[in-house]
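# Structural overview for review
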Amino acid sequence: MKKVLGLVISNRKLGNSEILVKEIMSNIPEECNRELIRLTDLEIKPCRACYVCLQHDKACPVQDDFNYIIEKIREADALIIGVPVYFLGPHGYYKMLTDRLVGAQNHYQDTQGKPCVIVIPYGTKGWEGYSKAACIVMPKLLRMKLVDCWQIHATLPGESLLNPENINYAKALGRELFNKPEYHGGNQECPVCGSDLFRLLNENQVECPICGSIGILKNNYSPDFSDSGYDRFSDQEMNEHFKSWLLEMKERFLAEKEHLKELQKGYQNQSWWIKP
Ligand SMILES: Cc1cc2nc3c(=O)[nH]c(=O)nc-3n(C[C@H](O)[C@H](O)[C@H](O)COP(=O)(O)O)c2cc1C
């Protein structure tokens, strides 16, 4: 039987993220085992940048709930994420979880190609900020098939329920979860990853800061990425980054370690740290 995991990243009980994740999950026609995790009830500590998880078969050594969550994501056949906009970006716990994926290379064999939907409720029109772009990163690192990245305007707890169109959209997402094609965004979004933010380069070039594709801003200001051919989340680029580049950095670190230690010593006695 298929397993579907709902990841709710809001402390608000029966808030928009929770309701929409539940609406999607309850409309999946396939017989499936449904599980929900409220990420804010779990402990996610910061990545300690030890890179132990880069090694094959080495779990993250940080003592918290990350290994439980990543196991649940790995064993699920589909992932539905509900994450609200908090100050122009996704809720901070989403970034905390994304930062723990340095070992994505050792997880993707279980997650690659599996459908993932992200629902992003936000309260103020025009205050969506960089939330969509930031949310795309996690499923892409796990090489999942992002099938929708839905920003939905809903301010009050449960307000998404007031508009029947929202509920119908959520129901359709549930019904089509396992058959939907990959999400590519609209005309004004990056056709490679779906991000809605661009960096202006020289001349009329634009870069997608998420997948790194480079396009041209045409006269009608719509970005044209047809000649790009680059995607940092492609298998080739991911392997290059995680298997080659990061390992090269490890070698470089080992070579420079003693020299760097000497330089660092100059700052050791400046112990102005305070704690409550
Ligand atoms: C701390 C905080 C910051 C917020 N920042 C934004 C924001 O920058 N932009 C926005 O559109 N909504 C913002 N909101 C509103 C929430 O995104 C909105 O109420 C959403 O529906 C909450 O989802 P939930 O019910 O699943 O918790 C903020 C809410 C909180 C509590």
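You'll find the structure just up there.
### Quick look at the pairing of strand β7 (residues 145-153)
In the case of a regular strand, side chains alternate between the two sheet surfaces. Sheet topology places strand β6 (residues 115-122) next to β7; eight bridges connect them, and they run parallel. Across the sheet, the residue bridging to P115 is K145, located in β7. Regarding topology, helix α5 (residues 131-141) serves as the crossover connection from β6 to the parallel β7, and that connection is right-handed.

### Details of the nonpolar core
Of all hydrophobic cores here, the largest spans 50 residues; its most connected members are L79, I81 and I118. Among the elements of the structure, β1 (2-8), α2 (66-75), β3 (78-82), α3 (92-99), β6, α5, β7 and α7 (235-265) are those that each provide at least two residues to this core. Looking at this core element by element, the count peaks at five residues for α5. Aside from chain neighbours lying at most four places away, what touches I81 is L7, I9, V21, Y94, C116, V117, I118, V119 and M138.

### Concerning the site of the ligand
Taken together, 17 residues surround the ligand, and among them S10, S17, V85, A154 and T155 come closest. In the environment of the ligand, a nitrogen atom lies 2.8 Å from a nitrogen or oxygen atom belonging to the backbone of F87. Within the contact set of the ligand, a nitrogen atom lies 3.0 Å away from a backbone nitrogen or oxygen of G123. In the complex, the protein chains occlude 82% of the 640 Å² of accessible area that the ligand would expose alone.

### Details of the sheet that holds β1
Here we have five strands laid out as an open sheet, ordered β2-β1-β3-β6-β7, and parallel in their pairing. Looking at the sheet topology across the chains shown, the edges are occupied by β2 (32-38) and β7. Averaged over all pairs of adjacent strands, the angle between their axes in this sheet comes to 15°, without regard to strand direction. Contacts from helix α1 (residues 16-26) reach β1, β2, β3, β6 and β7 within the one sheet, and its direction differs from that of β1 by about 170°.

### Quick notes on the sheet that holds strand β10 (residues 214-217)
One open sheet holds the four strands; their spatial order is β8-β9-β10-β11, and the pairing between them is antiparallel. In this open sheet, the two strands that pair with only one neighbour each are β8 (199-200) and β11 (223-224). For β10 and β11, the ladder comprises two bridges, and the chain directions are antiparallel. Directly across from I216, in β11, lies its bridge partner D224.

### Structural notes on the pattern of salt bridges
Counted by the stated rule, this structure contains 16 salt bridges. As a salt-bridge pair, R38 and E18 come within 2.6 Å of each other at their nearest N and O atoms. Residue R38 is located in strand β2, and its partner E18 is located in helix α1; the two are separated by 20 residues in the primary sequence. The residue K132 makes a salt bridge to E189 at a minimum N-O spacing of 2.6 Å. With a gap of 57 residues between them, K132 in helix α5 and E189 in the loop between α6 (164-176) and β8 connect regions that are remote in the sequence. A residue is classified by how much of its surface remains accessible, and E189, at 15% relative accessible area, is buried. The network of salt bridges with shared partners includes K3, E35, K72 and E75.

### Thoughts on the packing of aromatic side chains
This structure, assessed with the given rule, holds two aromatic pairs. Between the aromatic rings of W150 and Y169, the centroid separation amounts to 4.6 Å while the plane-to-plane angle is 50°, which identifies the pairing as tilted. With W150 in strand β7 and Y169 in helix α6, this pair connects stretches of sequence that are 19 residues apart. Exposure remark for Y169: the relative accessible area of 36% places this residue in the partly exposed category. The positively charged end of K2 is found above the aromatic ring belonging to F178, 4.9 Å away from the centroid. Positioned above the aromatic ring of Y108, the side-chain terminus of R143 is 3.6 Å from the ring centre.

### Description of the packing of α3 against α5
Interhelical geometry of α3 versus α5 gives an angle of 30° and a closest axis separation of 10 Å. Classified by the interaxial angle, the pair formed by α3 and α5 is roughly parallel. In terms of crossing hand, the pair formed by α3 and α5 is left-handed. Within the contact between the two elements, α3 uses Y94, L97 and T98 and α5 uses A134, C135, V137, M138, P139 and L141. Tallied by class, residues from the contact of α3 with α5 come to eight nonpolar, one polar and no charged.

### Focus on the state of the cysteines
All chains considered together, the criterion is met by zero disulfides. Left unpaired, C53 is separated from the closest cysteine sulfur, that of C60, by 6.0 Å. Between C135, a free cysteine, and C149, which holds the nearest cysteine sulfur, the sulfur-to-sulfur gap is 5.8 Å.

Parameters and conventions
- Residues numbered from 1 in each chain as written.
- Predicted model: local features only at pLDDT ≥ 70, side-chain atom pairs only at ≥ 80, totals over all residues.
- Heavy atoms only, no water.
- Pairing = 2+ DSSP bridges.
- Helix = DSSP H or I, 4+ residues; strand = E, 2+ residues; numbered from the N terminus.
- Right-handed = clockwise from strand over helix to strand, strands pointing away.
- Core = buried A, V, L, I, M, F, W, Y, C linked by side-chain atoms within 4.5 Å.
- Buried < 20%, exposed > 50% of the residue type's maximum accessible area, 1.4 Å probe, protein only.
- Contact = heavy atoms within 4.5 Å.
- Near = heavy atom within 4 Å.
- Polar contact = N/O pair within 3.5 Å; in protein donor to acceptor, adjacent residues only side chain to side chain.
- Areas by Shrake-Rupley, 256 points an atom, 1.4 Å probe, with all protein chains shown as cover.
- Axes fitted to C-alpha atoms, helices over the stretch in contact; angles between N-to-C directions.
- Salt bridge = Lys/Arg side-chain N within 4 Å of Asp/Glu carboxyl O.
- Phe/Tyr/Trp six-rings, centres within 6.5 Å; stacked < 30°, edge-to-face > 60°.
- Lys NZ or Arg CZ within 6 Å of the ring centre and 35° of its normal.
- Parallel < 35°, antiparallel > 145°, perpendicular 65-115°, else oblique.
- Left-handed = near helix turned anticlockwise from the far one by under 90°.
- Nonpolar A, V, L, I, M, F, W, Y, C, P; charged D, E, K, R; others polar.
- Disulfide = S-S within 2.5 Å.

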